[in-house]
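Each chain is listed here by its residues.
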Amino acid sequence: DLPELSLSTGSFSIKENRFSSLDEVNLEYLTEKDTAKVVISRILFVPLINKSLTKKFPAFREMELQNPVIYASIRPGEKDEAPSDDKDEKNFMFETGLFQLSNGKVNFNLWDSAKSIQYKTADLHTNIKDISVGKEDMLFSMGAFNIVSKKFDLKINDSIELYSEPGKFEMSGPGVKIG
């Protein structure tokens, strides 16, 4: 069965290298085993349209997600299909100069027959500089970051639990590179 994917938005305005916005964004991805739903009241961004068209990947000077609610339940398993040799699929790229998330809520669940990870957070705020995915032989890189959550719960295999009472959990660093 093919996955079900839907995207809807309210009003929007998009201009090259100028502040643009998408209001009332709803994204839903459903398969037989997986569910992902994202509702964002507003996305503010500065698109680099000419660069995106030239480089053939999305590029932004900055992006802010306001009041996002993110839910995902993923049940990884054996793939029935052979690995793809599609070069475009393997080389997905994305970049943004500044990424901000304000007042976010996340509920993420990863399950299989032997393991589980559950993560929930509310009142999440992030500020990350220079995010890059799939460029220059790097799977992922980001510059200086600051992540603040006033409440979170993390449970691994129903045996390890890390949580915060309402308060403040903050993490920051000079950057991360993977790959």
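Our subject is the structure that appears above.
Scoring rules and cut-offs
Residues numbered from 1 in each chain as written. Predicted model: local features only at pLDDT ≥ 70, side-chain atom pairs only at ≥ 80, totals over all residues. Heavy atoms only, no water. Core = buried A, V, L, I, M, F, W, Y, C linked by side-chain atoms within 4.5 Å. Buried < 20%, exposed > 50% of the residue type's maximum accessible area, 1.4 Å probe, protein only. Helix = DSSP H or I, 4+ residues; strand = E, 2+ residues; numbered from the N terminus. Contact = heavy atoms within 4.5 Å. Salt bridge = Lys/Arg side-chain N within 4 Å of Asp/Glu carboxyl O. Patch = residues over 30% accessible without salt bridge, like charges linked within 9 Å, V, L, I, M, F, W, Y side chains within 5 Å. Areas by Shrake-Rupley, 256 points an atom, 1.4 Å probe, with all protein chains shown as cover.

On to the nonpolar core. One recurring pattern in soluble globular proteins: nonpolar side chains tend to sit buried together. Residues Ile40, Ile43, Met63, Leu65, Phe99, Ile128 and Ile131 are the most contacted members of the largest nonpolar core, which totals 18 residues. Sorting the residues of this core by element identifies strand 4 (35-47), strand 5 (59-66), strand 7 (94-111), strand 8 (116-133) and strand 10 (145-156) as the ones contributing at least two each. Beyond its immediate sequence surroundings of up to four residues, phenylalanine 99 is in contact with Met63, Leu65, Thr126, Asn127, Ile128 and Ile131.

The subject of this paragraph is the pattern of salt bridges. Under the defined criterion, the tally for this structure stands at five salt bridges. Of the charged contacts in the structure, one is a salt bridge between lysine 51 and glutamate 95, with a shortest N-O distance of 2.5 Å. Taken together, the positions of lysine 51 in helix 1 (residues 49-55) and glutamate 95 in strand 7 put the pair 44 residues apart, joining distant regions of the chain. Using a relative accessible area of 32% as the deciding quantity, one classes lysine 51 as partly exposed. Lysine 150 is the partner of aspartate 123 in a salt bridge, and the nearest nitrogen-oxygen pair spans 3.8 Å.

Take the side chain of serine 52 next. Following the sequence through the fold, serine 52 ends up in helix 1. On the accessibility criterion, serine 52 (18% relative accessible area) is buried. Residues within four places of serine 52 in sequence aside, it is in contact with Phe57, Pro58 and Ala59.

Looking now at the environment of glutamate 24. In this fold, glutamate 24 is placed in strand 3 (residues 20-30). C-alpha of glutamate 24 to C-alpha of serine 11: the two residues are 13 residues apart in sequence and 7.6 Å apart in space. Among all residues touching glutamate 24, those that are not within four sequence positions of it are Ser8, Thr9, Gly10, Ile40 and Ser41.

The phi angle at asparagine 17 is positive, at roughly 55°, despite the residue not being glycine. By the secondary structure assignment, asparagine 17 is in the loop between strand 2 (12-13) and strand 3. Residue classification places asparagine 17 among the partly exposed positions, given a relative accessible area of 36%. Unusually for a residue other than glycine, asparagine 103 sits at a positive phi of about 55°. With respect to the helices, strands and loops of the structure, asparagine 103 is situated in strand 7.

A few words now on a nonpolar patch on the surface. Taken together, the side chains of Leu5, Leu7, Leu27 and Tyr29 present a nonpolar region at the surface, about 410 Å² in accessible area. Looking at the nonpolar patch, the elements that each hand over two or more residues are strand 1 (4-8) and strand 3. The residue leucine 27 is located in strand 3 in this model.

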